[in-house]
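The lines below spell out each chain.
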Amino acid sequence: YTVKRTAKLGPDPGDDKVGHFLNRVITWHDGGTADEKITVEADSRHSELIIKQLGLEKAKAAETPAVKRTEADELQIASEKELPKGEASVYRSSTMRGAYLSVDRPDIGEAVKTLSRAMQTPKPFHFTELKRLGRYLKGKPYALRTFQRQSLPSKVVAVGDANWAGCLRTRKST
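Residues numbered from 1 in each chain as written. Predicted model: local features only at pLDDT ≥ 70, side-chain atom pairs only at ≥ 80, totals over all residues. Heavy atoms only, no water.

1. So, the pairing of strand E1 (residues 18–21)
Rules: For two strands to count as paired, DSSP must find a minimum of two bridges between them. For the purposes of this entry, the term helix denotes a DSSP run of H or I that reaches at least four residues, the term strand denotes a run of E that reaches at least two, and both are numbered from the N terminus.
Bridge analysis of E1 against strand E2 (residues 24–29) gives four bridges, and the strand direction is antiparallel. What sits directly across from Phe21, in E2, is Arg24. Counted along the chain from E1 to the antiparallel partner E2, the turn is two residues long, and its residue Leu22 has a positive phi close to 50°.

Here you go:
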């Protein structure tokens, strides 16, 4: 493998404060030991490409990347025919671009997961959901994650969710 080192982030005078990795911008913010933080900016080019691929350049933005499906939605999906090959290809391409973007955009992770479930046989309802994600990205094309220095806790408590996040398709009825 050939490795190219483009930056060494850190607090020292010779260290870089900004670096790029897979088109992500990673920045070291030095504010003293307690205020040190690193920010990672997602590659907004993928948001722009999803918007363009779906023809949403002039569309209104959506406030959320998805809405919770109802039982009526599930019945509608079951009654629909699959998308034509061209539209299915656009669906798959945009969904996987969203999957790549969701690594840096936790706000779209659940929506992309739901869209990915329909990769094999996408239907018009799924394409509508994809367009909602595109409209959300139109309103919020940039995302910045901040990693703040933390002190270690003396005790760790974990809480679990056992209802499979309320997914109508995958949860078991009791």
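Additional details are given in the paragraphs that follow.
2. Quick word on the sheet that holds strand E3 (residues 37–41)
We count it as follows: To obtain each axis, a line is fitted to C-alpha atoms, and for helices this fit is confined to the stretch in contact; angles are then taken between N-to-C directions over 0 to 180 degrees.
Ordered in space as E1-E2-E3-E4, the four strands form an open sheet in which the pairing is antiparallel. The two strands at the open ends of the sheet, each matched to only one other strand, are E1 and strand E4 (144–148). Pairwise comparison of adjacent strand axes, ignoring direction, gives a mean angle of 20° for this sheet.

3. Some thoughts on unusual backbone geometry
Non-glycine residue Leu22 carries a positive phi angle of around 50°. Position of Leu22 relative to the elements: it lies in the loop between E1 and E2. The phi dihedral of Asn23 falls on the positive side, at around 65°, and the residue is not glycine. Within the fold, Asn23 resides in the loop between E1 and E2.

4. Let's talk about the nonpolar core
Put simply, the rule reads: What we call a nonpolar core is a set of buried Ala, Val, Leu, Ile, Met, Phe, Trp, Tyr and Cys residues that are connected through their side-chain atoms within 4.5 Å. Working definition: with a 1.4 Å probe on protein chains only, accessible area under 20% of the residue-type maximum means buried, over 50% means exposed, and in between means partly exposed. The contact rule is simple, with two residues in contact once any of their heavy atoms fall within 4.5 Å.
If you look at the biggest cluster of nonpolar residues, it comprises 21 residues, and the most contacted ones within it are Leu54, Tyr91, Ile108, Phe127, Leu130, Leu133 and Leu137. Looking at this core, the elements that each hand over two or more residues are helix H1 (45–53), helix H3 (85–102), helix H4 (109–116) and helix H5 (124–139). Per element, the largest residue contribution to this core is five residues, and it comes from H5. Excluding residues that lie within four positions of it along the chain, Leu137 makes contacts with Ser47, Ile50, Ile51, Leu101, Arg105 and Ile108.

5. With respect to the packing of H1 against H3
Our working rule: Every angle not falling under 35 degrees, over 145, or within 65 to 115 is termed oblique; those three ranges are roughly parallel, roughly antiparallel and roughly perpendicular. For any pair of crossing helices, the crossing counts as left-handed if the nearer helix is rotated counterclockwise from the farther one by less than a right angle, and right-handed if it is rotated clockwise. When residues are sorted by character, Ala, Val, Leu, Ile, Met, Phe, Trp, Tyr, Cys and Pro go into the nonpolar class, Asp, Glu, Lys and Arg into the charged class, and all the rest, Gly among them, into the polar class.
As a packed pair, H1 and H3 sit with axes 10 Å apart at the nearest point and diverge in direction by 160°. Comparing their axes, H3 and H1 come out roughly antiparallel. Here the hand of the crossing between H1 and H3 comes out left-handed. Each of His46, Ser47, Leu49, Ile50 and Gln53 in H1 lies in contact with H3, whose residues at this interface are Val90, Ser93, Ser94, Arg97, Gly98, Tyr100 and Leu101. In terms of residue class, the contact of H1 with H3 is built from five nonpolar, six polar and one charged.

6. Observations concerning the pattern of salt bridges
Rules: Criterion for a salt bridge: a side-chain nitrogen of Lys or Arg within 4 Å of a carboxyl oxygen of Asp or Glu.
Evaluated as defined, the whole model comprises nine salt bridges. Through salt bridges that share partners, Arg24, Asp104 and Arg145 make up one connected network.

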